[in-house]
Amino acid sequence: MTVVTSDIAAAAQLLASGHLCAIPTETVYGLAADASSSTAVARIFEAKNRPQDHPLIVHVADYESALLWFDALPVWAQELARSCWPGPLTLVGNRTQLATDQITGGQHTVAVRIPAHPMARALLVELKQVGVQGLVAPSANRFGHVSPTTAEHVVADLGAYLAQHGDGILDGGPSEIGIESTIVLATGSSPRILRPGAIGTELIESITGISVDAGSEGAPRVSGALASHYSPDAQVIVIADPAHEDFQANSGLIALIDIPTPAGVTRLASPADSNDFASQLYEAMRQGDQLNLHQIYVALPTRSGIGVAIADRVAKAAFVQTQEPS
Ligand code: TXA
Ligand code: MG
C-alpha cells in the first residue's frame, strides 16, 4: 500500500486499528499512535529508536479531552490553555490513570497539547468519535535527528520502517511554524518553560499575569532531553557576523535575507524574519546534509519571541558536534 496519503479517514482507520501514522501539525510532523494501545505505543519507540524513558506528548481533540489526562491544573495553566489551544503549547501537569508509565516515562506528570493544524484536528475529532482519547506523537524523525516539517522528511527518516509495517503518513503540507511546541510545566504556582517555542515568555506572562520562573528558558531541562537532539550530520556553527567569518570549503549558510552570501558558500535559507527563520530552519539543515556540506553556519535572528526557540535548537545542534566530533 501507499505509505503517504492525504485521506484523513484512512489515517484514522490506521490509528484506530493499532497502526502508526505520521501526522502533520503546525509545529512539526509527529509519529502518532493510539495512546491507549500499549503495543502501538511500543512501536513508536522501536520505529524511532527512541530510549524507553523518554516521555511522549499526548495530542487531543479539545479542552475537555485534555482534562481527562490531568489530575488538576492550576488556574493560570487553564487560562493559558484556553487562549493558546489549539496551538503550539504543550502543558506538563500531574497525570491521571489514563497516562501510563509507558507514556510518561514513569513520571507522575503528563504532557498534553491540542495541535492547530486543520488535518490533525479533524483526525483527532474523528478518532474521538470512535473512542480514541488521545494520540501520543513524538516528532516523526529518527531519534536525535532534526524534526520533520514535511511528509517528505518523514519518508526520508522513517519511510522504510513504516512501509514495512503497513503504517501511514498523512500529508498536510509543510508545517507552518517549523519548530516544536513550547513546553510549560504546569504543576506549581507559576509557569516554567521546559522547552522554548513559538509561544514565548512575554505572551505567557501577558495571558497569565504571572512572571515565568526566572531563567527557565534556554537550557534543556526537559526530562529525558539529550544533547544529541535536533542535529543534522553536518557540523553546525553559530556565527555572530558573517562578514568577519572564515568560512571553510564545502559549507552552507542560514541567515536573514539582508545578510549577503560570501563567495563559495552555499546559501541554504534566506528568511525574511524570525517566523520565516523558524519555518525554514530544519528544511535548510536537511538540505545541507543532502548536499554533503561539512559545515552549516547559522547567523541567528534577534533573541526575542520565537528567536529564543531558534537559538535553543541551533545551540543543541551545534552542541552535539562540539562535544562528540565523530
Ligand atoms: O511540537 C511538538 O511538541 C511536536 C509535535 C509532533 O506535537 N512533538 C514533539 O515531541 O516535539 P517530542 O517527543 O519530540 O518531544 C517531546 C518533549 C520531550 O523532550 C519530552 O522529554 C517532553 O516533551 N516531555 C514529555 N512528557 C513530559 C513530562 N511528563 N515531563 C517533562 N517533559 C516531558
Ligand atoms: Mg523530537
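Residues numbered from 1 in each chain as written. Chains lettered and ligands numbered in written order. Predicted model: local features only at pLDDT ≥ 70, side-chain atom pairs only at ≥ 80, totals over all residues. Heavy atoms only, no water.

### A few points about the domain arrangement of the protein chain
In many reports, interface size means the accessible area that the parts give up when they come together. Taken domain by domain, the protein chain holds domain 1 (3–208) and domain 2 (235–318). Just the C-alpha atoms count here: the centres of domain 1 and domain 2 sit 27 Å apart. Across the contact, 21 residues belong to domain 1 and 15 residues belong to domain 2. Carbon and sulfur atoms supply 57% of the area that domain 1 and domain 2 bury against each other, a total of about 1400 Å² over both sides. (Domains from an automatic or database assignment. Contact = heavy atoms within 4.5 Å. Buried area = accessible area lost by both parts, 1.4 Å probe.)

### Considerations on empty space enclosed by the protein
Unfilled space is identified by rolling a water-sized probe across the atoms. Summed over all chains, the structure comprises one cavity of 30 Å³ or more. Volume-wise, the largest cavity comes out at about 40 Å³. Taken together, His59, Val60, Ala61, Ser65, Leu124, Leu127, Lys128, Val132, Gln133 and Gly134 make up the full set of residues lining the largest cavity. Tallied by class, residues from the lining of the largest cavity come to five nonpolar, four polar and one charged. (1 Å grid on protein atoms, 1.4 Å probe; cavity = no way out; pocket = protein on both sides within 12 Å on 5 of 7 lines; lining within 4 Å. Points joined across faces, edges and corners; volume = space filled by probe spheres on them. Nonpolar A, V, L, I, M, F, W, Y, C, P; charged D, E, K, R; others polar.)

### Structural notes on the packing of helix α1 (residues 8–16) against helix α6 (residues 118–129)
Two elements in contact, α1 and α6, have axes separated by 10 Å at closest approach and are oriented at 50 degrees. As summarised for this structure, α1 and α6 are arranged oblique, according to the angle between their axes. Note on packing geometry: the crossing formed by α1 with α6 is right-handed. Together, Ile8, Ala9, Ala11, Ala12, Leu15 and Ala16 of α1 and Met119, Ala122, Leu123, Glu126 and Leu127 of α6 make up the contact between the two elements. Along the lines of polarity and charge, the residues of the contact of α1 with α6 split into ten nonpolar, no polar and one charged. (Axes fitted to C-alpha atoms, helices over the stretch in contact; angles between N-to-C directions. Helix = DSSP H or I, 4+ residues; strand = E, 2+ residues; numbered from the N terminus. Parallel < 35°, antiparallel > 145°, perpendicular 65-115°, else oblique. Left-handed = near helix turned anticlockwise from the far one by under 90°.)

### Examining the pairing of strand β10 (residues 192–195)
Note that strand β9 (residues 182–185) and β10 share three bridges and pair antiparallel. Among the inter-strand pairings, valine 184 is bridged to a residue of β10, identified as isoleucine 193. Counting the residues in the hairpin turn of β9 and β10 gives six residues. (Pairing = 2+ DSSP bridges.)

### Structural notes on the packing of aromatic side chains
One pass over the full model with this rule turns up one aromatic pair. Between the aromatic rings of phenylalanine 247 and tyrosine 297, the centroid separation amounts to 4.6 Å while the plane-to-plane angle is 70 degrees, which identifies the pairing as edge-to-face. With phenylalanine 247 in the loop between β11 (235–239) and β12 (251–254) and tyrosine 297 in strand β14 (residues 295–299), this residue pair connects regions lying 50 residues apart in the sequence. The exposure classification of phenylalanine 247 matches that of tyrosine 297, with both residues buried. (Phe/Tyr/Trp six-rings, centres within 6.5 Å; stacked < 30°, edge-to-face > 60°. Buried < 20%, exposed > 50% of the residue type's maximum accessible area, 1.4 Å probe, protein only.)

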